[in-house]
Structures are given as C-alpha cells and as structure tokens.
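In case you want the letters, here they are:
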Amino acid sequence: MKLVKLSMVAAATCLLATSAYALKTEDRNLKANGQVEYLKAPGAVNSIGEMFTEGEVYGRMRSNMFWWDWENEYHVAGGTADNNVWGIGGSLVYKTGFYNGLGATVGFYGTTPLSNENLVPGTTSNSGKAGKDAYRTSIDGKESGIGVFAEAYGEYKAGKTNVKVGRQGIDSIMLATNDTKMIPNTFEAAMIENKDLPSTTVRAGYIMAQKLRDHQTFHSILAYDSGTSGSSKVDKIYQNDDSGVHKGLSVKNIRALREDANPEMVLAIVENKSIPNLKLDAEYVSIDGYFSTVVAEANYQIAVGNGWTLTPGLRYLRQMDDGAGKIGGASLNGKTATNANGGNLTARNSYTNPSSVDGNIWMGRLVLANGPLSLMAGYSDVADKADIIAPWRGFPTGGYTRDMAQLNWIANTQSWMVKADYNFDKAGVVPGLIGALSYADMDFDDKKMLAVASDLSDRSIIHLDLIQTFKTLPNMEFKLRFAAIDAEASTKTSPTLVVNGESYNEYRFEVNYLF
C-alpha cells in the first residue's frame, strides 16, 4: 500500500467544516460529531396519560462503512491487517411530555455488520479497528450485531434546574457521547444542571457505569478486562476497552489489591460567560481510590476588523494520583506496573515515577474566523510524568491537537495542529457542502516506545471531512472522512508489540436519515 500524498493545491480545494450543522430538520439538528440536537421536544401536559399520548418518537437510520489500509500487514494475533466493515442500523428515541415537571426518555439503538469478518486465520483475534464500533466482537473473535437501550432516563424540570437519572449521554471536556459511529457512548448516572447564576451553567453528576459504543452491556467506567477473569460472558471484551483505557487498571490487578473494579465517578462542571466575549470552563473528575482530574479552560474572542475575529484559547489539565499508580503504573499500556501486575523494569525505568499517575497537560490555540471560514492553530505539551487516563470518549486535547482515531496524551508528548474549516453552503459556493481539512504532528517519547512503555510512535496526520446534504433528499446527510497517517516504523523486534507503529490510510463513508 502506498500512502496517499495530498498536494497543497489539492488540499486547498477540499476545505471542509465540521463545526456547523450539516443536516437540519424541523425538530432536530445533526451535529458534526453525530450527536442529535432536539429543537422541538414535548412540553408540559395536564395528566399522566397525556405524558405518553403527547410524547414524540424520533427515528434515525444510518449506514457506516470503514476501510483501513495498512502500509505493512502482519497477519498474527495483535498485528496489523487491512480490514473493512459495513454497518447498517439506526435508533428510535421516545420522549414523553412533562407532567408536573416529570418526564422520561427511552432510546433503542442497533447495528448489524454486513461485511466479512476480520478474523486473523487460526486465532480469535479480530483485526477491525475504527469500524469495530459498527459491531461487537464475540468471544470467538467474530463480529456480532448490537441492540441496546443506550438511553433510558427519568427527567425532572423546575425553573432553571434539570435533573436526569438513568442511562444518558454526558458531554463535557472529559466525557462525551461521541456518536460518530453507530451507537453513542452513554452512562448510568444521576446528573443535575442549574442556570440560576447569571451567565453560568453548573452541572454535577454521580456516574456508576459506562457503555462504550461497541458494547452490548454497561460496564466499569475504569477497569480493563480482556476476558481472562471469567468464562460466562459472550463478548471478547466485556469491561472498558476504550483506546484511552489504562490496561494496568485491569480487573485482575484491581482485585489483587482488594479494590473495587466497579468504582463510581463524581463529576462537576462550571461554564461561565459573565465577561463579554470570554468563555470560562472548569471541570472536576474524581474516582475515589484511583485518581482525580481538574481542567480549566479560557477562550476570549477579539474583533480584529472587517468581520474577522481572533479567539485565543488555553486549557490546563492536572491529574492527581489517589491509588491508581500502585495498581497499574504510570503508562496506559500497563507495562510500568509491578512485575506481579504485568509490568517490567525496562518500562518502569522510562518514566520519572512509574508508580504514580500524577500528570498534567497544557495546550493553547488561536482561531481566526470570518463568515464561512475558520482557521485554527493549536499546540499541546504533556508533562514527562504519567499518561493521562480518559477512557470516556472526551478527549483531553480535543479541539487543540487531537485528530481522528488518535491518542496524544502520553507522557512527554508534544503535538501541533493546523486546521481550516469552510462552509461552502454559507458562502454560496456549493449548496449543502461543509467540512474541514487538518494537518497534525505528534512527537512521542522514543525512550518510552523502545522500552515498550508506550504503544505509539511519532506521526503526522492529514485529515479531510466532507459533509453534503441535498434539497432533493430532505432529512438525509452524506459524510466522507479520510485520514493518512504517516507513522515512524517500529524498531522493535516483534511487530505485535506496537500496533500503532505503522502507517496507514483510513476511509469512512456515512449516511444518515432522520425521520
């Protein structure tokens, strides 16, 4: 396979935006991240019966196709192999009316894989990558459909206060619905939101479980389990296997120290816009006995004339150990844990404090915008301490340097990104077309990679999104996504040791229909 090389001229003709809404209907907007925004929802009713008779059903059909084309293939368990998948599915969401402030939402989501299985011959290993969110992997490695009530919550509204209890999506810096595939990432939680303070939104939550996008059931928000701790399950991975999971915090390691493999999370979020043109965000995540994380962010918009605005942004994240380090070590791949917990001395020596998850990141960006055009340049620097733990689909470097299907919050990683967004429809150039083009460079710590303490090598990424709607096809959206990843080849003796140390191209094609 030869990596696609885009010339600057060709790239300039393909500028796309992902920040605007491409698909708009009378009752919903479809965000660029795949999440549905409800414009019209049932209101107040006069009886319990009317809660249901005045309720609304929202339907969505979607098709998602994925192709991964690796520069080098290693047809062994855990190695790289070209793979593809096509998922067909959709969702039905029912929202009741509100009687005395009480209401409810139930959402059923499903997907069925139509393409051939990506099994490595003679193994139970499945080589599917991004497309695995179009299916779940069975214990034998085969691809199975998913059908799940990903949303099911009760809701109470009183003045400027809203309370939700049950299965729900949560969106913040560290947590996200991230509905870019077939089924959203949701949580079993109790959340409260209040807007009584001027220009301020306060949210707080107690989160008990998570269901990643390719899972049939809800699972631990933290514990990793490859299926070795029991035989009664039918899924290959039945705990947290997000790309950002800490594999050293496995069910086996946690239980060995008699800790809770199903901990709860306390979440607090504050957003403030009291000062004109200034947006402040603060977030606190705490998992008792493991770690806590605080995030602070500021974005200030400056008018620079002729319709242009310049928005500098800064974000700082600090992770504080509360026991996770002694269980799983400082690295996400778990190799800096003790020997008894699956680590090794070579990996531990590549981290400043291998038994602590204390760590931090700072990042900054500049956004220059005018009408349909937005230009962004961002930079992030992860301290040479511990990797950042964030397996909840909210990305620590998101909006600054993180690119599609990439993870760049490993200790001692420096990244930069430039991105251009353009709304061809708003500019009157091409009706219904919007999108984005970006280039990112990620510089990982070679010492950690060579010590097998990190699974990632230096890389550059070209990423293109195209989103198109047509007036002749109302309520339908087409999205094409492409990424070319030029990664430094692994210098390790075994190709299975670094699954992300090879270059590849990734292609995605998605169709959405709202009804």
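Residues numbered from 1 in each chain as written. Predicted model: local features only at pLDDT ≥ 70, side-chain atom pairs only at ≥ 80, totals over all residues. Heavy atoms only, no water.

(A) Seen up close, the environment of I461. Within the secondary structure layout, I461 lies in strand β22 (residues 459-470). C-alpha of I461 to C-alpha of Q406: the two residues are 55 residues apart in sequence and 9.1 Å apart in space. Residue contacts for I461: discarding those within four places in its chain leaves D403, Q406, S438, Y439, A440, M442, A484 and I485. (Helix = DSSP H or I, 4+ residues; strand = E, 2+ residues; numbered from the N terminus. Contact = heavy atoms within 4.5 Å.)

(B) Layout of the side chain of N64. Within the secondary structure, N64 sits in strand β4 (residues 56-70). Assessed through its relative accessible area of 1%, N64 is described here as buried. Polar side-chain contacts of N64 include one of 2.8 Å to the backbone oxygen of K181. The contacts of N64, once residues within four sequence positions are left out, are V85, W86, G87, T180, K181, M182, F509 and E510. (Buried < 20%, exposed > 50% of the residue type's maximum accessible area, 1.4 Å probe, protein only. Polar contact = N/O pair within 3.5 Å; in protein donor to acceptor, adjacent residues only side chain to side chain.)

(C) Representation of the environment of G89. With respect to the helices, strands and loops of the structure, G89 is situated in strand β5 (residues 83-95). Each C-alpha atom, one on G89 and one on P113, is 8.8 Å from the other, the two residues being 24 residues apart in sequence. Every residue in contact with G89, bar those within four places of it in the chain, is listed here: R60, M61, R62, G110, T111 and M182.

(D) Representation of the packing of aromatic side chains in the model. Counted under the stated rule, the structure contains 13 aromatic pairs. Plain terms: the ring middles of W362 and Y379 are 5.7 Å apart, the flat faces sit at 50 degrees to each other, and that makes the pair tilted. Placement of the pair is W362 in strand β18 (residues 359-370) and Y379 in strand β19 (residues 373-382), with a sequence separation of 17 residues. By relative accessible area, which is 31% here, Y379 ends up partly exposed. Arranged with centres 6.2 Å apart and planes meeting at 20 degrees, the rings of Y513 and F515 form a pair that is stacked. For Y513, a relative accessible area of 29% gives the class partly exposed. When its relative accessible area of 43% is taken as the criterion, F515 is described as partly exposed. (Phe/Tyr/Trp six-rings, centres within 6.5 Å; stacked < 30°, edge-to-face > 60°.)

(E) Geometry of a nonpolar patch on the surface. A contiguous nonpolar patch, built from Y206, M208, V266, Y284 and V294 and spanning about 400 Å² of accessible area, is present on the exposed surface. Looking at the secondary structure, you find M208 in strand β12 (residues 200-211). Accessibility expressed as a relative area gives 38% for M208, which makes it partly exposed. (Patch = residues over 30% accessible without salt bridge, like charges linked within 9 Å, V, L, I, M, F, W, Y side chains within 5 Å. Areas by Shrake-Rupley, 256 points an atom, 1.4 Å probe, with all protein chains shown as cover. Salt bridge = Lys/Arg side-chain N within 4 Å of Asp/Glu carboxyl O.)

(F) Summary view of the pattern of salt bridges. Applying the stated criterion across every chain yields a total of 16 salt bridges. Taking the shortest distance from any N to any O, the salt bridge between R167 and E188 comes out at 3.2 Å. Here R167 is found in strand β10 (residues 161-168), whereas its partner E188 is found in strand β11 (residues 186-194), with 21 residues between them in sequence. Accessibility expressed as a relative area gives 26% for R167, which makes it partly exposed. Residue class for E188 comes out partly exposed when judged on its relative accessible area of 25%.

(G) Spotlight on the pairing of β19. In the sheet, β18 pairs with β19 via 10 bridges, with the strands oriented antiparallel. Within the sheet, the bridge partner assigned to W362 lies in β19 and is D381. In this sheet, strand β20 (residues 414-423) lies alongside β19 in antiparallel orientation, the contact comprising 9 bridges. Bridge pairing in β20 places L373 opposite Y422. (Pairing = 2+ DSSP bridges.)

(H) A look at the environment of T338. Mapping T338 onto the fold places it in the loop between α4 (324-328) and α5 (345-348). When its relative accessible area of 38% is taken as the criterion, T338 is described as partly exposed. Taking the C-alpha atoms as reference, T338 lies 8.3 Å from S355; in sequence the two are 17 residues apart. In contact with T338, not counting residues within four places along its chain, are G343 and R348.

(I) Representation of the nonpolar core. Within the largest apolar cluster, 61 residues are counted, with the highest numbers of intra-cluster contacts made by L175, I207, Y290, F291 and W392. Beyond its immediate stretch of four places on either side in the chain, I207 contacts I170, L175, F187, E188, A189, I221, P263, E264, M265 and L267. Ranked by size, the runner-up nonpolar core spans 12 residues in total, among them A134, I146, A150 and M182. (Core = buried A, V, L, I, M, F, W, Y, C linked by side-chain atoms within 4.5 Å.)

Shape descriptors only; they carry no functional weight alone.
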